[in-house]
Amino acid sequence: MKVVLSSIPSDSHTWNLVYMQLLLEEMGYEVVNLGSCTPVEDIISGVRDHQPDALVISTVNGHGVAESAKIAGQLHSLGLADDVPKLIGGNLATTGSLTPEQVSCLRASFDGVFTGERAVDDFIAFMNRSSRPHQAAN
Amino acid sequence: MNPGYFTQFVKERQAEGRLIVQPRMGFGGLEEMRAGLERVKQCGVPVIGTITIDSFTRVNRYEDAAYALRDGHHLNGFPLITHGAQATAAMLEGLQGPGFPVQVRHGTALPQALFRALLDSGIDATEGGPVSYCLPYSRVPLRQAIAAWAECCEMLAERSGRGMVCHLESFAGCMLGQLCPPSLLVALGILEGLFFAAHGVCSLSLSFAQGTSLVQDIAALRVLRRLAEEFLPSDIDWHIVVYCFMGLFPRTLEGAQALLRESARLAKIGGAGRLIVKTPAEAHRIPTVEENLDSLRLAYDVSENASYLFDQTEANTLFAEIYDHARLLTEATLELHTGIGEAIHQAFITGRLDVPYCLHRDNANRSRSIIDPRGYLQWASFGGMPHRATRASGPGGAQHAVGSAALLEMLSFNQRKYDAPPRPTACE
């Protein structure tokens, strides 16, 4: 099982990506870590080249809502959006917590949105839930 | 013309035995920037003004900075290139001088345009480095950053030759903000210092960021000083600059202030020329000017009354360990090539230098660090780096992996340590 892990173009933080890679590896995933300030093209080619079981976007600089829309839009227009579950988490808005509009906007493009105090626990639970049938199918 | 206010000011304060304190501060607008600098200038302690550059300019997206400025959007720093040299010079008119030098702080891997603009603005001091501003924050190939920084150093040298002595501070004492053991921070500082000198910089500073243990940091600063004396050309003017902790900051006012106090003590005991402060707002948001002024005054007061009591025997033991490894890393790099830039590049490509947890493509990322039970930053795995230790210092002695939970614990080590309510004393 393979995950492509990335940030968004404007976010230079890396500790979140280091942490997420370790977490995913401990859950048994092979991780392709695209690093911080990830250009949209690199995310597209990461998905295309590695055919991952999930795309995980982790970002903490508050521009996640705006920039993830571009990423999802690109994946969609290239016909790659339905091939891979897309998950996003971290601090996604400069205001801290997300507005209901922002949440529904993110949910339209992403299969999982993880933010706030319980983000990591919810993410782990989500991955455990979704990986089992997949494993069984293999 | 500015003859080199920064270098002269540091020399004078060091002769007086006074620590210079310096904030991180940047505003989008010219007037706000000037007003902020004016208040710093008047804060009543030995201080150098800082212009922190915005995040668009840092990644060379000058048009985005221009749009933000035009549309009145918030910028998290001063867009120096967008304002231009002339407007920046006018903003500093009557403000910058022998009693108040100004430094530009930026975070740019490819800073040629920024260097040109700041020099044209009459500013004589900035910071960064080919490794320290490339590996932690950018996707720029290391080779490209090395070439860019060589060009920038030569710009500073050329201005110095025309009468404005220009200063460059290496940011290598900070790699990723936390969890980089001192032997590598010190070696990288020496290597960047040598790189600056080789490209004509005549006034430089070597940095060190506060870690997880005062006594280990004191020992590391001694090593930095010793190696600078041994390796830097004798005609170079240099001093040490300490950064208040650059990682996850305590959330409480008390905790944040305690950490800042300790960094001021470290700077004083370590004989640093300057201290870059942080504020209690750090864990939450960008600090206000007022919060910066409070930190500058607090840090300076602590430095003037610093206790020099610490465990000398322990510091001596740590000095020997850090010195040995930092020197080994420095020499193992220098022997790779006669050109310092090429030597540094090869050292990273071959994994002889390896910043733990750094995801940059030119970094091997096989080394690992841990915080040991004594609170010291140690190597859990050297990766491909040379070492004389028979073992890495991880628990049990074996080279071992660091898991996600352990990483999170280590990242929040200082936050937990300083936010914890003080323990009752023995007589309570």
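All residue numbers refer to position in the chain's written sequence, counted from 1. As a convention, the first chain written is A and the first ligand written is 1, with the rest following in written order. Totals for whole chains, interfaces and linings use all residues, but because this is a predicted model, local features are given only for residues with pLDDT of at least 70 and pairs of side-chain atoms are given and counted only at 80 or more.

**Student:** Can you help me understand the overall build of chain A in this one?
**Tutor:** Strands are runs of DSSP state E lasting at least 2 residues, helices are runs of H or I lasting at least 4, and numbering of each runs from the N terminus. Helices and strands together make up the secondary structure of chain A, namely 5 helices and 5 strands. In sequence order, chain A lays out its α and β elements as β-α-β-α-β-α-β-α-β-α. On the principal axes, the C-alpha backbone points of chain A span a range of 40 × 35 × 25 Å. For the exposure call, what matters is how many other C-beta atoms sit within 10 Å of a residue's own: 20 or more marks it buried, 12 or fewer exposed, and in between partly exposed, using C-beta atoms placed from the backbone. Within chain A, the proportion of its 138 residues that are buried is 41%. By the criterion used throughout, residues are in contact when their C-beta atoms, derived from the backbone, lie within 7 Å. In chain A, once contacts between residues fewer than 6 apart in sequence are set aside, the share between residues at least 24 apart is 75%.

**Student:** Just to check I follow, could you spell out helix H8 (residues 142-161) of chain B for this structure?
**Tutor:** Structurally, the α-helix is built with 3.6 residues per turn, so residues lying three or four positions apart point the same way. Residue and element names in this part refer to chain B. A helix is expected to span 1.5 Å for every residue after the first. Between its terminal C-alpha atoms H8 stretches 28 Å, which fits the 28 Å expected from 20 residues at 1.5 Å a residue. All of the buried residues in H8 are Leu-142, Ala-145, Ile-146, Ala-148, Trp-149, Cys-152, Cys-153 and Leu-156. Across the axial projection of H8, the buried residues extend over an arc of 165 degrees, all falling on one side. Among the structural elements, helix H7 (112-120), strand E5 (167-170), helix H9 (182-198) and helix H14 (340-349) are those in contact with the buried residues of H8. Remark: Gly-163 follows H8 within two positions and exhibits a positive phi of approximately 110 degrees. Regarding the arc, it is the one traced by the directions from the helix axis to the C-beta atoms.

**Student:** It is not clear to me how the sheet that holds strand E3 (residues 54-59) of chain A should be interpreted in this structure. Could you clarify?
**Tutor:** Paired through their backbone hydrogen bonds, the strands of a sheet run either parallel or antiparallel. All names here are of chain A. The parallel open sheet is built from 5 strands, whose spatial order is E2-E1-E3-E4-E5. The strands lining the two open edges of the sheet, one partner per strand, are strand E2 (30-33) and strand E5 (112-114). Neighbouring strand axes in the sheet, compared pairwise and without regard to direction, differ in orientation by 20 degrees on average. Two strands are counted as paired when DSSP detects at least two bridges linking them. Axis angles are defined between N-to-C directions and span 0 to 180 degrees, where every axis is a line fitted to C-alpha atoms and, for a helix, only to the segment in contact.

**Student:** Looking at this structure, I do not really get the sheet that holds strand E1 (residues 20-22) of chain B. What am I missing?
**Tutor:** Residues and elements named next belong to chain B. Strand order in the open sheet made by the 8 strands is E1-E8-E7-E6-E5-E4-E3-E2, with parallel pairing throughout. Either end of the sheet is taken by a strand with one partner, and the two such strands are E1 and strand E2 (49-52). Across this sheet, the average inter-strand angle for adjacent strands is 25 degrees, counted without regard to direction. In this sheet, strand E8 (residues 274-276) lies alongside E1 in parallel orientation, the contact comprising 3 bridges. Looking at E8, one finds that Gln-22 is bridged to Ile-276. Across the sheet, helix H10 (residues 214-231) lies against strand E6 (203-209) and strand E7 (237-243), angled at about 155 degrees from E6, the strand it touches most.

**Student:** What is the right way to look at the nonpolar core in this model?
**Tutor:** Within soluble globular proteins, side chains that are nonpolar tend to cluster in buried spots. All names here are of chain B. Val-186, Leu-224 and Leu-275 are the most contacted members of the largest nonpolar core, which has 167 residues in total. It is H9 that contributes the most residues to this core, 11 residues altogether. Ignoring any residue separated from it by four or fewer positions in sequence, one finds Val-186 in contact with Ala-220, Val-223, Leu-224, Leu-227, Ile-322 and Ala-326. A set of buried residues qualifies as a nonpolar core if it consists of Ala, Val, Leu, Ile, Met, Phe, Trp, Tyr and Cys joined through C-beta atoms within 7 Å.

**Student:** When you look at the environment of Val-113 of chain A in this model, what are you seeing that I'm missing?
**Tutor:** Residues and elements named next belong to chain A. Here Val-113 shows up in strand E5. For the pair formed by Val-113 and Leu-87, sequence separation is 26 residues and the distance between their alpha carbons is 6.1 Å. The residues contacting Val-113, other than those within four sequence positions of it, are Ile-88, Val-103, Leu-106 and Arg-107.

**Student:** Help me understand the interface of chain A and chain B, please; the structure alone is not making it clear to me.
**Tutor:** In many reports, interface size means the accessible area that the parts give up when they come together. Contacts between the two partners involve 13 residues from chain A and, on the opposite side, 10 residues from chain B. Take the side of chain A that touches chain B: its biggest share by element is 7 residues, from helix H1 (residues 15-26) of chain A. Three residue categories are used. Nonpolar comprises Ala, Val, Leu, Ile, Met, Phe, Trp, Tyr, Cys and Pro, charged comprises Asp, Glu, Lys and Arg, and polar comprises the others, including Gly. Split by residue class, the side of chain A that touches chain B holds 7 nonpolar, 5 polar and 1 charged.

**Student:** How should the confidence of the model for chain A be read in this particular structure?
**Tutor:** Detailed reading of the predicted coordinates is not advisable wherever pLDDT is low. Think of pLDDT as the predictor's per-residue confidence, scored from 0 to 100. The predicted model of chain A has a mean per-residue pLDDT of 90, with 94% of residues at 70 or higher. In this model, residues 133-138 of chain A is a region of pLDDT below 50 whose contacts with residues beyond four sequence positions or in other chains number 1 contact.

**Student:** Please explain the packing of H9 of chain B against H14 of chain B as it appears in this structure.
**Tutor:** Helix-helix packing is described using two parameters, namely the angle between the two axes and the distance between the axes. Residues and elements named next belong to chain B. At a closest axis distance of 9 Å, the pairing of H9 and H14 adopts a crossing angle of 150 degrees. Here H14 runs roughly antiparallel to H9, going by the angle between their axes. Along its contact with H9, which presents Leu-191, Leu-194, Phe-195 and Ala-198, the element H14 presents Ile-340, Gly-341 and Ile-344. Roughly parallel covers angles under 35 degrees, roughly antiparallel covers those over 145, roughly perpendicular covers 65 to 115, and oblique covers all other angles.

**Student:** Can you walk me through the packing of H9 of chain B against helix H13 (residues 312-334) of chain B in this structure?
**Tutor:** All names here are of chain B. Packing of H9 against H13 brings their axes to within 8 Å, and their N-to-C directions diverge by 45 degrees. Between H9 and H13, the crossing angle belongs to the class labelled oblique. The interaxial crossing formed by H9 with H13 has right-handed handedness. From H9, Pro-182, Ser-183, Leu-184, Val-186, Ala-187, Ile-190 and Leu-191 reach across to H13, where they touch Ile-322, His-325, Ala-326, Leu-329, Thr-330 and Thr-333. Of the residues contributing to the contact of H9 with H13, the split by class is 9 nonpolar, 4 polar and no charged. Crossing handedness: left-handed means the near helix sits turned counterclockwise from the far one by under a right angle, and right-handed means the same turn made clockwise.

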